[in-house]
Amino acid sequence: MGCGSSFPDRGSRHMGRPHPEDGGGHDARNIRVKLVLLGDSGVGKSCIVLRFVRGQFDATSKVTVGASFLSQTIALQDSTTVKFEIWDTAGQERYAALAPLYYRGAAVAVIVYDITSPESFSKAQYWVKELQKHGSPDIVMALVGNKADLQEKREVAVQDGTEYAEKNGMFFIETSAKTADNINELFEEIAKRLPRPSDIVDYATSKLPPDVLAA
Amino acid sequence: MKNDDDNNNNKAERSKDAAVGIPDSRFNQTLRNVQGLLKGRNIPGKILLSQRVSSPDYSSLSSPTYTRSFSYSETGTSGLTSERIEKQAQSSRKSFGSLNDNKLKVSASNVQSPSEEVQKSSFGARATDSARILKFTKVLSGTMVALEKLRELSWSGVPDYMRPTVWRLLLGYAPTNSDRREGVLRRKRLEYLDYISQYYDIPDAERSDDEINMLRQIAVDCPRTVPEVSFFQQEQVQKSLERILYTWAIRHPASGYVQGINDLVTPFLVVFLSEYLEGAIDNWSMSGLSSDQISNVEADCYWCLSKLLDGMQDHYTFAQPGIQRLVFKLKELVRRIDGNLFSGLLFFLQVIIA
């Protein structure tokens, strides 16, 4: 796995290279992406992040209020690095009004449900629709069925997840933050699906207001 | 989409707020305090609390660091007397709610001379100081509790065993008039019991879909509340939290339960349970308490939570206008006090969020 997590540090080389509205800031070998996690309350969004960033799991982790932020860098086989700036949102309905604040400009959206809860699967579909309407058009979306370790309590068939994801052009995976199953795979797969530097015009510095660039 | 419309409305509301509401006295007060802090002054509770004082008298502010160390050395030399005073104050702890004046006069006159000494030296010192305990006892034992005085005293901390009483008073739950206090509390606690049977102890079939959802959300969140303290992992504790939160949510439909409110109940629960449970919280168990005791604790939590949230319910209503307003004020404050920091932060946020 990549290097440790941190709040993006002021002195980093990225300071001079803010990323554009639609997502990643890129130079040849280092990609920086904003990723947002959405999904029903208690499906394990924070646990997925914690597992990915710190390699930890806590069955009784705290309720997320508003949103929390963590980042993690991974190195791909072609020796590019991808730094995920992860916005982990609160799942409760009341906070849905704030969600646009977090998914605005996100290059990646990870929509999570709990395989033991059909309600959370419908909630996931709500988020997919919301992003299709209001997210950036080339956002990479992943549908994640979490708590895959609870096979005996499963209420959402793998098939359902696969089909829905396929229909909506999403990448689908089932994970377990508890056993760490497929967590790294999820983020590696996302990294592979990101637009490469060669695919995009480098307009990283062109879209910000002049006063920000001058600051 | 509806959300966006609402967001826009809020933005409009906010900028209106900016034009009209910002130069209010409270804001300027805070601004002055922060400026004072930046100039190396300390912010004592006195200033923050005395909004009615038009021009805060900075000259009267003593340096807490100085007085504190002074009072420590003083307690060191007169440790015996302080200890005695503390013991005396503690002996009245169980009954100070209903303490009669005579009893107080006796204990006060007993310690008159040493107390004066300590009182002088420990101005602004910590809650454990015996002189402070005496002051608290004095304020609390009158027929009418002077809330302003109590608030001022409480700023630098409330002695642990007085905290339940002080919080109930400061939040406006317990009446300041001691003659009425017990009766009002008894009535409020019964009222809570009523709510429980009316809203909580009913079959799901009698709940609306929204109510079921809310209960489900609360049930999901209670086990995830203060998970790092083992006491909160006890099922009875989580059930108490659930009842308090659900009752509050049902009674406040404009906001309902919102994640984050769970964290506001826990201090109340700990403080009011401390009247029944002793020692470290890790060794606490609610199983030894009678159902009356539990429901009284829950009732106190419920009413205090209600009082606390009354002043900031718009933090939890749709799109959280209250929080947005505060964030805006904070932004304004930073801009006025430190322009460089402000543009730095703005730049940073652009990079992160954009």
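The following refers to the structure shown. Being a predicted model, the structure only gives us computed values, none of them experimental.

Moving on, we come to the overall build of chain B. Along its length, chain B carries 17 helices and 0 strands. Burial analysis of chain B (354 residues in total) assigns 42% to the buried set. Relative to all contacts within chain B whose residues are 6 or more apart in sequence, the contacts with residues 24 or more apart total 67%. Surface exposure of chain B reaches about 18,700 Å², of which carbon and sulfur atoms provide 53%.

A tally of regular secondary structure across chain A gives 6 helices and 7 strands. Of the regular secondary structure in chain A, the N- to C-terminal order runs β-β-α-β-β-α-β-α-β-α-β-α-α. For chain A, with 215 residues in total, the buried portion stands at 55%. Here the contacts in chain A between residues at least 6 apart in sequence split such that 73% fall between residues at least 24 apart.

Here we take up the nonpolar core. Counting 88 residues, the largest nonpolar core has A:I111, A:L143, B:I261, B:L269 and B:L273 as the members making the most contacts within it. The greatest single-element share of this core, amounting to 9 residues, is contributed by helix α15 (residues 291-310) of chain B. The residues contacting A:L143, other than those within four sequence positions of it, are A:I111, A:Y113, A:F121, A:A124, A:G161, A:Y164, A:A165, A:M170, A:F171, A:F172 and A:I173. Among the nonpolar cores identified, the runner-up in size contains 32 residues, and A:C47, A:V110, A:F187 and A:L194 belong to it.

What follows covers the pairing of strand β7 (residues 171-174) of chain A. Residue and element names in this part refer to chain A. Side-chain alternation along β7 places F171 and I173 on one buried face and F172 and E174 on a second face that is also buried. Of the pairings in the sheet, the one linking strand β6 (residues 140-146) to β7 comprises 4 bridges and is parallel in character. Residue A142 lies in a different strand from β7, and its bridge partner there is F171. The handedness of the β6 to β7 crossover, carried by helix α4 (residues 158-167), is right-handed.

Turning our eyes to something else, we now look at the side chain of B:D300. Residues and elements named next belong to chain B. Examined against the element boundaries, D300 turns out to sit in helix α15. Of note is the side chain of D300, whose polar atom sits 2.8 Å from the side chain of R189. When neighbours within four sequence positions are excluded, D300 is seen to be in contact with R168, Y173, R189 and F272.

Quick look at the pairing of strand β3 (residues 67-75) of chain A now. Residue and element names in this part refer to chain A. The pairing of β3 with strand β4 (residues 81-89) spans 9 bridges and is antiparallel. Paired with Q72 across the strands is F84, a residue of β4. Hairpin connection between β3 and β4: a loop of 5 residues separates the two successive antiparallel strands, and S79 in this loop has a positive phi of roughly 60°.

Turning our attention to unusual backbone geometry. Residue and element names in this part refer to chain B. The phi dihedral of V226 is positive, around 40°, even though this residue is not glycine. Residue position: V226 is located in the loop between α12 (209-221) and α13 (235-251). Judged by relative accessible area, which is 14%, V226 ranks as buried. Not every positive phi belongs to a glycine, and Q320 is a case in point at roughly 45°. Here Q320 is to be found in the loop between α15 and α16 (321-337).

Right, let's talk about the packing of aromatic side chains for a bit. Each aromatic ring pair is summarised here by two numbers: the centre-to-centre distance and the angle between the ring planes. Residue and element names in this part refer to chain B. The tally for this structure, following the rule as stated, stands at 18 aromatic pairs over all chains. One aromatic cluster in this structure is built from Y192, Y195, Y199, Y302 and W303. Looking at K188, its charged tip hangs above the ring of W303, at a distance of 4.0 Å from the centre.

Before going further, it helps to examine the pattern of salt bridges. All names here are of chain B. Under the defined criterion, the tally for this structure stands at 19 salt bridges over all chains. With a shortest N-O distance of 3.2 Å, E148 and R151 are connected by a salt bridge. Note that E148 and R151 are positioned in helix α9 (residues 147-154) at a spacing of 3 residues, about one turn of the helix. When its relative accessible area of 43% is taken as the criterion, E148 is described as partly exposed.

The subject of this paragraph is helix α8 (residues 130-141) of chain B. Residues and elements named next belong to chain B. With 12 residues, α8 should cover 16 Å at 1.5 Å per step; its first-to-last C-alpha distance of 16 Å lies within 8% of that length. A large share of α8 lies buried, amounting to 9 of its 12 residues. All of the buried residues in α8 are S130, A131, R132, I133, F136, T137, V139, L140 and S141.

This part takes up helix α10 (residues 163-170) of chain B. Taken residue by residue, α10(B) has B:P164, B:T165, B:V166, B:R168 and B:L169 as its buried positions. After α10(B) finishes, the residue B:G172 shows a positive phi value of roughly 80°.

Residues and elements named next belong to chain A. Summarising the element assignment, R51 is placed in helix α1 (residues 45-54). There is no salt bridge for the buried R51, and the closest opposite charge comes from D149, which lies 9.2 Å off by N-O distance. Within the structure, R51 has its side chain in polar contact with the backbone oxygen of A177 (distance 2.8 Å). Among the polar contacts made by the side chain of R51, one reaches the main-chain carbonyl oxygen of K178 at a distance of 2.8 Å. Those residues in contact with R51, other than ones at most four positions away along the chain, are Q56, F57, A177, K178, T179, A180 and I183.

Attention shifts here to the environment of A:V156. Residue and element names in this part refer to chain A. Secondary-structure assignment places V156 in the loop between β6 and α4. Once the C-alpha coordinates of V156 and S120 are considered, the two residues, 36 residues apart in sequence, prove to be 9.5 Å apart. When residues no more than four places from it in sequence are discounted, the contact partners of V156 are Y113, D114, I115, S117, P118, F121 and E174.

This next bit is on the packing of α1(A) against helix α5 (residues 183-193) of chain A. All names here are of chain A. In the contact formed by α1 and α5, the axes pass within 9 Å of each other and the chain directions differ by 85°. Classified by the angle between their axes, α1 and α5 sit roughly perpendicular to one another. On α5, the residues that touch I48, R51 and F52 of α1 are I183, N184, L186 and F187. Residue classes in the contact of α1 with α5 are distributed as 5 nonpolar, 1 polar and 1 charged.

Reading the values: the criteria
- Residues numbered from 1 in each chain as written.
- Chains lettered and ligands numbered in written order.
- Predicted model: local features only at pLDDT ≥ 70, side-chain atom pairs only at ≥ 80, totals over all residues.
- Heavy atoms only, no water.
- Helix = DSSP H or I, 4+ residues; strand = E, 2+ residues; numbered from the N terminus.
- Buried < 20%, exposed > 50% of the residue type's maximum accessible area, 1.4 Å probe, protein only.
- Contact = heavy atoms within 4.5 Å.
- Areas by Shrake-Rupley, 256 points an atom, 1.4 Å probe, with all protein chains shown as cover.
- Core = buried A, V, L, I, M, F, W, Y, C linked by side-chain atoms within 4.5 Å.
- Pairing = 2+ DSSP bridges.
- Right-handed = clockwise from strand over helix to strand, strands pointing away.
- Polar contact = N/O pair within 3.5 Å; in protein donor to acceptor, adjacent residues only side chain to side chain.
- Phe/Tyr/Trp six-rings, centres within 6.5 Å; stacked < 30°, edge-to-face > 60°.
- Lys NZ or Arg CZ within 6 Å of the ring centre and 35° of its normal.
- Salt bridge = Lys/Arg side-chain N within 4 Å of Asp/Glu carboxyl O.
- Expected span 1.5 Å × (residues − 1).
- Lys, Arg positive; Asp, Glu negative; His and termini not counted.
- Axes fitted to C-alpha atoms, helices over the stretch in contact; angles between N-to-C directions.
- Parallel < 35°, antiparallel > 145°, perpendicular 65-115°, else oblique.
- Nonpolar A, V, L, I, M, F, W, Y, C, P; charged D, E, K, R; others polar.

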